[in-house]
Amino acid sequence: MPSIPIFKGSNVVGRSNLVAVDKRVSRKHLSLRALPDGSLEVVVEGPNPIVVRSEGQRRKVCAQQRAKIMHDDVLELIPGEYFMKYVNMSDERKSSTSVESHDLKKGKRHSEEDSVVAKRNRQVMEDEALARTSQGNDESFAEESTSVTEVVSSLDSAGSSERNKERTHSVGPLKDVLPLTFRLMRVQGLPSWTNTSTVTIPDVIQGEVLLAVLSNYMVDMDWLLTACPSLRKVPHVLVLHGEDGASLERLKKTKPANWILHKPPLPISFGTHHSKAMLLVYPQGIRVVVHTANLIHVDWNNKSQGLWTQDFPWKKANDTSTNIGFENDLVDYLRALKWPEFRVNLPVAGDVNINAAFFRKFDYSSSTVRLIGSVPGYHVGPNMKKWGHMKLRSVLEECVFEKQFCKSPLIYQFSSLGSLDEKWMSEFACSLSAGKADDGSQLGIGKPLIVWPTVEDVRCSIEGYAAGSCIPSPQKNVEKDFLRKYWSRWKADHVGRCRAMPHIKTFTRYNGQNIAWFLLTSSNLSKAAWGALQKNNTQLMIRSYELGVLFLPKTLQSVPQFSCTDKSRSNLDKLALGKNIKTKLVTLCWKGDEEKDPSAEVVRLPVPYQVPPQLYGPEDVPWSWDRRYTKKDVYGSVWPRHG
């Protein structure tokens, strides 16, 4: 369990604070109240008892009973499980690194907001990230404030001092333009510096949403409506999902009455609806979001994830243009989903049918990325280049890159590995190596590396071995001899995410800290996701739905940024209007001179792993989820947990 700050007034601890779902722990399991003497009053709100361990004694506390706990006392949320230690931070302020002065200021502000008492624990980390981005200057928080207490788990959530030395702060919104880059998602229980400029689901779904299309694989409706209560106010919601069986039945029972569920057709066996995206329609326009997280608690709180978003205005009445690549890619992809068309009345558009063509009503001319989608089918002729790795190949073939990227290496980073062979790996590398250098020559085939967690990475992660259930690759896929030369470490010290296992999927071509192009996607490394060429390369067979955004070096005209929710925000405001601006993609660790070429805008992508990646050492073993691991993880568990 991550650290949980405790403020004045009532504080709730429950199921949302756990790494794994355990229904024995109620949503409102305990309430905690800080007392003037530095102790906490604990009230058991749920039906199950807890245990208080104090001065060597264990005492059971049953439903509705109260107990008082002191500094260093331990709570067992379920007798024998989910241990939490109470630490009075005012006693440990000088030695503690987990609460800094700006955290305290934020705590004070929250303690004065009585209306959000019940939600405070769940939202405090989200609010801190939001506060940092709105302030943009850490020094503005350096004021004296009231003391804050904290319940912490037995884990050292702050990470090692060695890692903190190497850290690099994330991109800041005052300098970087959001649509030109992407954001990492907030991870609970990490030091505050790691969550600078990260995003949470309420950061994205905000304002007066008239219509929401939520695309995902797994959807936990209870969590979604708790994490983002504003969704209940949205009059029209379409959920495109990949659930079936008991999970689908639960989804049907827990959804609001006005929500529509649709599982896109899967004509080829072993396919999934895996795309993770949101389309949010506002009176001002549309917000397009492409990300990597399932709509479940662990994905938005415990894992390394990525999210891109951009807002677009409604088209003017006389605008009938359809030559924008982003628009055509989006509408083609949406058309393949075949959801049942429905009619709604929107204040800005009147009575409209909500189908794929509806999304042509927005002006995507300022789009900063290309969409790379996959839809199931046997694609031939012109359609072969519309999807999967052949779509990526066709987009890259039209691009011109700097000469430094000739023969430069590739990185494949993902969270599930399909059953692959060397022939397909060559086919895939050929697509990802497409493109020309600025002297007209082909870039040439790049040597790929695979960034993949080791068994030790999973064992020592925030979730322990439980994190491995979301890296679902069997031994038979992982332990193929030809893959050995590709394995590289998940090292994320610079963003503080070594222990936050990756669910993010990224593919890139790089030279040092310079990036030729970068893809953030739902696609894992599999034929099902990317497609495989058949019939003498005349047909591309894809099993699943996927969606990603491709960042490319672009030439932009600096124009004000459009926002559906913030009238005052402007994009590229430090650049002179009317000039052509070239973007240059780099990692957070790039140390070049931004002033050297004033006509170039340096875009720092928060690539969450070390570049160049470090190859596996002789002791490193790639994680596979169907092996037995008897060395205990950070929670004292082995894998698998049962049987």
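In this text, all values refer to a predicted model and were calculated from it rather than measured experimentally.

Reading the values: the criteria
Residues numbered from 1 in each chain as written. Predicted model: local features only at pLDDT ≥ 70, side-chain atom pairs only at ≥ 80, totals over all residues. Heavy atoms only, no water. Helix = DSSP H or I, 4+ residues; strand = E, 2+ residues; numbered from the N terminus. Buried < 20%, exposed > 50% of the residue type's maximum accessible area, 1.4 Å probe, protein only. Polar contact = N/O pair within 3.5 Å; in protein donor to acceptor, adjacent residues only side chain to side chain. UniProt positions renumbered as here; feature names shortened; annotations may be inferred. Contact = heavy atoms within 4.5 Å.

Enquirer: I keep staring at the environment of Gln413 and nothing clicks. Help me out?
Expert: With respect to the helices and strands, the residue Gln413 is situated in strand β23 (residues 410-413). A relative accessible area of 0% places Gln413 in the buried class. Separated by 111 residues in the primary sequence, Gln413 and Asn524 have C-alpha atoms spaced 8.0 Å apart. A polar contact of 2.8 Å, which involves the side chain of Gln413, links it to the side chain of Thr506.

Enquirer: Any chance you could explain the UniProt feature "active site" (unreviewed entry) in the protein chain here in plain terms?
Expert: The UniProt record marks His274 and His503 with the feature "active site" (unreviewed entry), using the residue numbering of this structure. Taking the farthest pair of C-alpha atoms as the criterion, the annotated set spanning 230 residues converges on one region, since that pair is 12.7 Å apart. With residues up to four places along the chain from it excluded, the contact list for His274 reads Tyr217, Lys505, Ser522, Asn524, Tyr545 and Glu546. With respect to the helices and strands, His503 occurs in the loop between β26 (487-488) and β27 (505-511). Setting aside anything within four residues of it in sequence, one finds His503 in contact with Lys276, Thr292, Ala293, Asn294, Asp299, Lys303, Ser304, Gln305, Ser415 and Cys470.

Enquirer: Even after reading the chapter, I still don't get the UniProt feature "binding site: substrate" (unreviewed entry) in the protein chain, so can you show me in this structure?
Expert: This chain's UniProt record puts "binding site: substrate" (unreviewed entry) on Lys276 and Lys505. Note that Lys276 resides in the loop between β14 (259-262) and β15 (277-281). Classification of Lys276 by relative accessible area gives buried; the value is 0%. With sequence-adjacent residues up to four places away left out, Lys276 is seen in contact with Ser215, Asn216, Tyr217, Val289, Val290, His291, Thr292, Ala293, Asn294, His503 and Ser522. Of the polar contacts made by the side chain of Lys276, one reaches the backbone oxygen of His274; its length is 2.8 Å. Looking at the element boundaries, Lys505 is found in strand β27. A polar atom in the side chain of Lys505 sits 2.8 Å from the backbone oxygen of His503.

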